[in-house]
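If you want the building blocks of each chain, they are given just below.
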Amino acid sequence: MTTATYNGTGRPGALGALLTEVLAVTGRRLHHLGRAPGRVVGVALSPLVSMVMLGYLFRDAIRLPAGGEYGEYVFAGGAVQVALACVGPTAISVAMDFKGGLVDRFRSLPISRSAVLFGHTLADLLVGLLGLAVVTGAGLLLGWRTRTGVLPTLAAFGLIALFVYVMLWLGVLLAMTLRSVETISVVTPFIVVVLPFLSNAFLAPQSMPAPIRPIAEWNPVSAVIAACRDLWGNPATSGGSFPAEHPVAVAAVTLGALFAVCSAVSLRRYRTAGS
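As a starting point, this report considers the structure included with it. Given the structure is predicted, the values throughout are model-derived calculations rather than measurements. Sequence order as written defines the numbering, with residues in each chain counted from 1. Where local features are concerned, this predicted model is filtered to residues with pLDDT of at least 70; where side-chain atom pairs are given and counted, the filter is 80 or more; whole-chain, interface and lining totals use all residues. Water and hydrogen atoms were dropped before computing side-chain values, which therefore reflect all heavy atoms in the structure.

1. Here's the deal with the overall build of the chain
Okay, so step 1: Scanning the chain from N- to C-terminus turns up 12 helices and 0 strands.
Okay, so step 2: Counting over 275 residues, the chain shows a buried share of 46%. Comment: elements are numbered from the N terminus, with helices defined as DSSP H or I runs of at least four residues and strands as E runs of at least two. Think of it in three bands: residues with accessible area under 20% of the maximum for their type are buried, residues over 50% are exposed, and the middle band is partly exposed, with areas taken using a 1.4 Å probe on protein chains only.

Printed below as a string of structure tokens:
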């Protein structure tokens, strides 16, 4: 594995070397993922089930407080659920790397330890984006349409891609914390199934029981979904709560905070485990 790049003085450039190492680890990870195409299906399966079961079968049975087509309302929830579905596979992969001794092999190589995790998450980001493409195609077949221009539409998908990457680091943090594949397999379905139902993904918070309503309004998932609906011009959640009125700002702050915490803690624990 080639890791060194050089600046004008003939000495290795630190940033160039780090980028080379990250790309090398990413390529290695993609090579392994290429032999497991079912990974994309696994990431897209839960969102597809949610969209078909709720957005299509129940589209005439569920009424939104603010009005609009329920099939269009539910698409953003399914798209964002792709990011949540990425948490478990990434956490299990990192935990298995520790269990199988791959971390020890990386430790013996002259590469930055942070490059391993960044390369891992970048490769898994591609899987998440492929899953998002599958869900988007299904949404178009089921009748979802964007009502705004090209730039707002792309901005919403960019926000989801950012959310996917942040959730990948949450998966890394779970792996660094739990280490047990069995425990991770028990915990992560809660993230994929329960968190969307405690948000505005499938139901408006106003229609939820009073004790649950504040949780759904301030759930970071709700902010990302609401921002995407605004950017796509899809039916939005009514209500006077601050997250509902300022979804983009809330999404930016919460995702930034989650990424900072998850990446910093994960990298520190990874270095400690490798010492």
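2. Some words on unusual backbone geometry
Okay, so step 1: The phi dihedral of R179 falls on the positive side, at around 65°, and the residue is not glycine.
Okay, so step 2: Mapped onto the secondary structure, R179 falls in the loop between α7 (150-178) and α8 (181-197).
Okay, so step 3: Residue R179 is classed as partly exposed on the basis of its relative accessible area of 37%.

3. Side note on the packing of aromatic side chains
Okay, so step 1: Only centres within 6.5 Å qualify two rings of Phe, Tyr or Trp (six-membered ring in Trp) as a pair; their planes then separate them into stacked at under 30 degrees, edge-to-face at over 60, and tilted for everything else. All chains considered together, the criterion is met by 12 aromatic pairs.
Okay, so step 2: Geometrically, the ring pair formed by F75 and W232 is tilted, given 5.4 Å between the ring centres and 50° between the ring planes. Here the residue F75 occupies a position in helix α3 (residues 70-85), and W232 occupies one in helix α10 (residues 220-232), the gap between them amounting to 157 residues.
Okay, so step 3: We classify F75 as buried; its relative accessible area is 1%.
Okay, so step 4: Residue class for W232 comes out buried when judged on its relative accessible area of 0%.
Okay, so step 5: Between Y165 and F259, the aromatic rings sit 6.1 Å apart at their centres with planes inclined by 35°, giving tilted as the arrangement. Of this pair, Y165 sits in helix α7 while F259 sits in helix α12 (residues 247-273), and the two are 94 residues apart along the sequence.
Okay, so step 6: Under the relative-accessibility criterion, F259 is labelled partly exposed at 28%.
Okay, so step 7: An aromatic cluster of at least three residues, connected via ring pairs, comprises F75, W144, F157 and W232.
Okay, so step 8: One residue, R229, lies across the ring of Y73, its end atom 3.5 Å from the ring centre. For a ring to carry a charge above it, either NZ of a lysine or CZ of an arginine must fall within 6 Å of the ring centroid while also lying within 35 degrees of the normal to the ring plane.

4. Comments concerning the packing of α3 against α7
Okay, so step 1: The interhelical angle for the contact between α3 and α7, taken along N-to-C directions, is 20°, at an axis separation of 8 Å. With respect to α7, the element α3 is oriented roughly parallel. In this structure, α3 crosses over α7, and the sense of that crossing is right-handed. Residues A79, V80, A83 and L84 of α3 lie in contact with α7, whose contacting residues are I160, F163, V164 and M167.
Okay, so step 2: Residues are grouped as follows: Ala, Val, Leu, Ile, Met, Phe, Trp, Tyr, Cys and Pro are nonpolar; Asp, Glu, Lys and Arg are charged; all remaining types, including Gly, are polar. When grouped by side-chain class, the residues that make up the contact of α3 with α7 number 8 nonpolar, no polar and no charged. An axis is simply a line fitted to the C-alpha atoms; with a helix, the fit covers only the stretch in contact. Between two such axes, the angle follows the N-to-C directions and lies from 0 to 180 degrees. Orientation labels follow simple angle bins: below 35 degrees gives roughly parallel, above 145 gives roughly antiparallel, 65 to 115 gives roughly perpendicular, and whatever is left gives oblique. For a crossing to be left-handed, the near helix must be turned anticlockwise from the far one by less than a right angle; the clockwise case is right-handed. Working rule for contacts: check all heavy atoms of both residues, and any pair within 4.5 Å makes them a contact.

5. Re the nonpolar core
Okay, so step 1: Put simply, buried Ala, Val, Leu, Ile, Met, Phe, Trp, Tyr and Cys residues joined by side-chain atoms within 4.5 Å make one nonpolar core. Ranked by internal contacts, the top residues of the largest apolar core, which has 70 residues, are I160, F163, V224, C228 and W232.
Okay, so step 2: Going through the elements one at a time, α2 (38-56), α3, α4 (87-100), α6 (113-141), α7, α8, α10 and α12 are the ones with two or more residues in this core.
Okay, so step 3: Residue contributions to this core peak at 16 residues, all from α7.
Okay, so step 4: Look past the residues within four positions of F163 in its chain and what remains in contact with it is V80, A83, L84, V221, V224 and L255.

6. Examining the pattern of salt bridges
It is possible for side chains bearing opposite charge to pair when their charged atoms get close.
Okay, so step 1: Each salt bridge in this description consists of a side-chain nitrogen of Lys or Arg and a carboxyl oxygen of Asp or Glu lying within 4 Å of one another. Under the counting rule described, the total for this entry stands at 2 salt bridges.
Okay, so step 2: For R39, the salt bridge is made with D124, and the minimal N-O distance between the two is 3.3 Å. Note that R39 is positioned in helix α2 and D124 in helix α6, a separation of 85 residues in sequence.
Okay, so step 3: With a shortest N-O distance of 2.3 Å, E72 and R147 are connected by a salt bridge. With E72 in helix α3 and R147 in the loop between α6 and α7, this residue pair connects regions lying 75 residues apart in the sequence.
Okay, so step 4: Using a relative accessible area of 8% as the deciding quantity, one classes E72 as buried.
Okay, so step 5: Classification of R147 by relative accessible area gives exposed; the value is 52%.

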